[in-house]
Amino acid sequence: QVQLVESGGGLVQPGGSLRLSCAASGSIFSIYAMGWYRQAPGKQRELVAAITSGGSTNYADSVKGRFTISRDNAKNTVYLQMNSLKPEDTALYYCNAEILSPRGWDPMDYWGKGTLVTVSS
């Protein structure tokens, strides 16, 4: 009964920017950490960036200084601003959130279906 829906992916030229959004909806009492992962063809899924409910962030070394994660707790939404994009950033980007439901005892991990980012000239 919890859904994560990503948006904002697309085709962009090297050096360009994109902003991904992920909105959580459904039976939500509280959202803890939220994050973005990506999976390129033939590679394992990897963490791109994460943010706690208090706003602390961490990033993969490969995106530090280029990507910025943020969240709007009132909207249950997490964002990923991606600048100076490179061809190696091409991947399916997934949203992840740790969510406690109103009747739950422990938070559970939820995933979106992914949004494709292609960086190519």
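What this report covers is the structure whose coordinates are included nearby. Note that the structure is a prediction, hence the values are computed from the model and not measured.

Calculation rules
Sequence order as written defines residue numbering, which begins from 1 separately in each chain. For a predicted model such as this one, the threshold for reporting local features is a pLDDT of at least 70, and the threshold for listing and counting side-chain atom pairs is 80 or more; totals across whole chains, interfaces and linings nevertheless cover every residue. The side-chain numbers reported here are obtained from all heavy atoms of the structure, hydrogens and water having been left aside. Here a helix means four or more residues in a row that DSSP labels H or I, a strand means two or more in a row labelled E, and each is numbered from the N terminus. Residue burial is assigned from relative accessible area. The probe radius is 1.4 Å, only protein chains are included, and a residue is buried under 20% of its type maximum, exposed over 50%, and partly exposed in between. Neither His nor the chain termini are counted; the positive set is Lys and Arg, and the negative set is Asp and Glu. Salt bridge, as used here, is a side-chain nitrogen of Lys or Arg placed within 4 Å of a carboxyl oxygen of Asp or Glu. In protein, a polar contact means a hydrogen-donor-capable atom and an acceptor-capable atom, both N or O and within 3.5 Å, with residues adjacent in sequence counting only if both atoms are side-chain atoms; elsewhere, any N or O pair within 3.5 Å suffices. Contacts are residue-level and defined by heavy atoms, with any inter-residue pair within 4.5 Å sufficient. Put simply, two rings from Phe, Tyr or Trp (the six-membered ring, in Trp's case) pair if the centres are within 6.5 Å, and we call them stacked under 30 degrees between planes, edge-to-face over 60, tilted for the rest. By definition here, charges over rings are those cases where NZ of Lys or CZ of Arg is within 6 Å of the ring centre and within 35 degrees of the ring normal.

## Examining the side chain of E6
Within the secondary structure, E6 sits in strand β1 (residues 2–7). R45 provides the closest opposite charge to the buried, unpaired E6, separated from it by 7.8 Å. Here the side chain of E6 touches C95 through a polar contact of 2.9 Å, landing on its backbone nitrogen. Among the polar contacts made by the side chain of E6, one reaches the main-chain amide nitrogen of G114 at a distance of 2.9 Å. If sequence neighbours within four positions are ignored, E6 has contacts with S21, C22, W36, Y93, Y94, C95, G112, K113, G114 and T115.

## Some words on the packing of aromatic side chains
For the structure on display, the rule yields one aromatic pair. Taking the ring centre of Y94 as reference, the NZ or CZ of R45 above it sits at 3.8 Å. The ring of W111 has R45 lying over it, and the distance from NZ or CZ to the ring centre is 4.7 Å.

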